[in-house]
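# Structural features, examined
This is what each chain is made of:
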Amino acid sequence: MAEMDRRRFFGVTGVAAATSALALQHDEASTPVNPAEQSEHGTPENAIVVSAVSEVTSLDPALAVDTETERVCRQVFETLVGIEQETGSTAPLLAAGWEISDDQLTYTFELQEGVTFQDGSELTADVIVANFERWGRLDEIYGDEVLDTTVPLAFASVFGGFMGDEDCVLESVEADDEHTVVLTLTEPVVFLIQALTLPAFGIVSAETLSDDDPEQVSENPVGTGAYQVISTEGGQIVLRAFEDHWNGAAQVEQVTVRSIPRSFDRLRELQRGQLDVYDYVTADNLRTLVQSGRMFLQRDPFSVLYLGFNLEHPVMSDPLVREAVARAVNRGSLVQNHFLEGTSTAHQFTPAALGVHSEEALRFSMNRDEAERLLEESGYDGEELPFFYPMNATRSYLPQPEAIFASIARDLTRVGMNVVPRPVPWNDSYVDSLLADEDRAMHLLGRNGGYRSPHSFLGPLFSSVTSEFNYDNEEVRDLIHQARSETQEDSRNDLYREAAELIAEDIPALPLAYPISGLALGQNIVDYPFSPVLHELFRDIVPQ
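Residues numbered from 1 in each chain as written. Predicted model: local features only at pLDDT ≥ 70, side-chain atom pairs only at ≥ 80, totals over all residues. Heavy atoms only, no water.

Counting buried residues along strand β18 (residues 509-514), 6 of its 6 residues qualify, which places the element largely inside the surrounding structure. Strand direction decides the pairing type here: strand β13 (residues 303-309) and β18, joined by 4 bridges, are antiparallel. Bridged to Leu305 within β18 is Ala513. Sheet topology places strand β14 (residues 344-345) next to β18; 2 bridges connect them, and they run antiparallel. Residue Ser344 lies in a different strand from β18, and its bridge partner there is Tyr514. (Buried < 20%, exposed > 50% of the residue type's maximum accessible area, 1.4 Å probe, protein only. Helix = DSSP H or I, 4+ residues; strand = E, 2+ residues; numbered from the N terminus. Pairing = 2+ DSSP bridges.)

A separate point is the pairing of strand β5 (residues 106-111). Here is the key point about a regular strand: its side chains alternate between the two faces of the sheet. The side-chain alternation of β5 yields one buried face, formed by Tyr107, Phe109 and Leu111, and one unburied face, formed by Thr106, Thr108 and Glu110. In this sheet, β5 lies alongside strand β4 (residues 95-100) in antiparallel orientation, the contact comprising 5 bridges. The residue bridging Gly97 from the neighbouring strand is Glu110, located in β5. Hairpin connection from β4 to β5: 5 residues lie between these consecutive antiparallel strands, with Gln104 at a positive phi of about 60 degrees. Pairing of β5 with strand β7 (residues 180-185) involves 5 bridges; the strand directions are antiparallel. The residue of β7 that forms the bridge with Thr106 is Thr184.

It is worth spelling out the sheet that holds strand β15 (residues 384-391) at this point. Taken together, the 6 strands give an open sheet; going across it, the order is β14-β18-β13-β17-β15-β16, and neighbouring strands pair in mixed fashion. Across the chains shown, the open sheet's two edge strands, defined by having one partner strand only, are β14 and β16 (418-425). As paired strands, β15 and β16 are joined by 8 bridges and run parallel to one another. Within β16, the position partnered with Met391 by the bridge is Pro425. Contacts from helix α16 (residues 455-462) reach β13 and β17 (442-448), with the element oriented near 145 degrees to β17. (Contact = heavy atoms within 4.5 Å. Axes fitted to C-alpha atoms, helices over the stretch in contact; angles between N-to-C directions.)

Positionally, Val325 belongs in helix α11 (residues 319-328). Put simply, Val325 and Leu412 are 87 residues apart on the chain and 6.7 Å apart in space, counted from C-alpha to C-alpha.

Right, let's get into the environment of Thr124. As for its position among the elements, Thr124 is in the loop between β5 and α3 (125-135). On the basis of relative accessibility, which here comes to 14%, the residue Thr124 falls in the buried class. A C-alpha to C-alpha distance of 22 Å links Thr124 and Ser101, two positions 23 residues apart in sequence. Look past the residues within four positions of Thr124 in its chain and what remains in contact with it is Leu111 and Glu178.

Quick look at the nonpolar core now. Soluble globular proteins tend to pack their nonpolar side chains together in the buried interior. Formed by 122 residues in total, the largest nonpolar core has its most connected members in Phe132, Phe159, Leu307, Ile408, Leu412, Leu444 and Phe462. Judged by nonpolar contacts, the second largest core, of 29 residues, contains Val72, Ala241, Ala250 and Phe538. (Core = buried A, V, L, I, M, F, W, Y, C linked by side-chain atoms within 4.5 Å.)

In terms of residue burial, α3 counts as a mostly covered element, since 8 of its 11 residues are buried. Inspection of α3 places Ala125, Val127, Ile128, Val129, Asn131, Phe132, Arg134 and Trp135 among the buried residues, and these make up the whole buried set. On its buried face, α3 is in contact with β5, α4 (138-142), α6 (154-159), β6 (170-177), β7 and α8 (216-219).

Structure follows, in structure tokens:
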């Protein structure tokens, strides 16, 4: 297949990292799934508006890793395995149950019966097989040269590669009967059940699967979820409740997901009554919300903000320079001034809640004198250091990017580094732009954990050589791969700790903070299903 135009492939990170995604088109090719319904029935009384912080880039769930794309895909497409809202543990969804063999190489899923897609077709084992086979061939469908510019997609991250790759541990997926699916692995993937909750593993109707026209999935999104896509125009997506949903219709009939990048604009729209859910509240707006009596819901920290380095840059390739940066940045001041209370400084890439922090890993406290000494020893002579950061954006891990960049740039300038700002609006393909610039030295990015395993953080970032860091440490990759298959928890955690120690020593990126994120509700909402892994289903919203 011919390589796709890169300007139509836009990578972003969710709680997070970057991936290729087909941009939603606003021409005749992206006619809403059912525009007649929108015009005929108008806006129902039972309708709400939820803020997004950037435009959704694709409605193909297999390509989704940014939080806004995942937010919408979760409503339209369902996965084999769900998440129990109260406890956060895995729960049956499209799979009514499953069995795992003693050697953890065979997974047998029994599907729910009587489930239909929004186009009326039936959920069967053959449809599940077709979806798995498509995920395993995304590299063929879209082309290696496109996917290689991004961090791994969910399938490659979880299974070690695409089908046919030497490192892929998914040997086969087969339909045992109409409602039974069997996955066979060559090595255990101890977090597989948790990983299958990711929106990227949302099941799409077989009627939309086409190698000749892979955009069909995004242009005509059809899942089994509680909501259907009605419109994708004007920077917003309109979802209408699927009346024949197998688990009952949602309480809110219509949800509009509206892109409002600037935090102040989201606050204003909430106060004006034009917005019902203001997500990613920033510290500078919290006081106003509290004083106005708005309900504020705070998620537990499950994301990491980091300062990434391009190890192929002639200056940043020197570990002395990277350590100088680590010594120059005042993480404590950064957290205190720009994040919600409860955010903590980060010295490793996995949040403390995962229990794999290494006490032996290097920690670089701020020391400007030491930073200056390291720069002098490295021979740095004032070379320009292009520093990418997003504009007009709020992410779960990056609430005020311009202010955070300014704080870090000030710290680096004080020790003698020549920082050259490279601001790029998030909606102008921020991640795509930084990855394409071989001359970049540094960039701001982060990751939101999609499931409760250290692999959710370490796997996409460090289990392969990516163009984000150009970090090549075979020992780190081997440790992460070993941990994926280690069935003993203590031994597995030791492997992750050893990997963390090597990463801290090499400094391919500098972890900065474990941010708290939160949202505020308008008067039309009684409760909202907030979650640290952002598994937030609109069907569980309780309206006034």
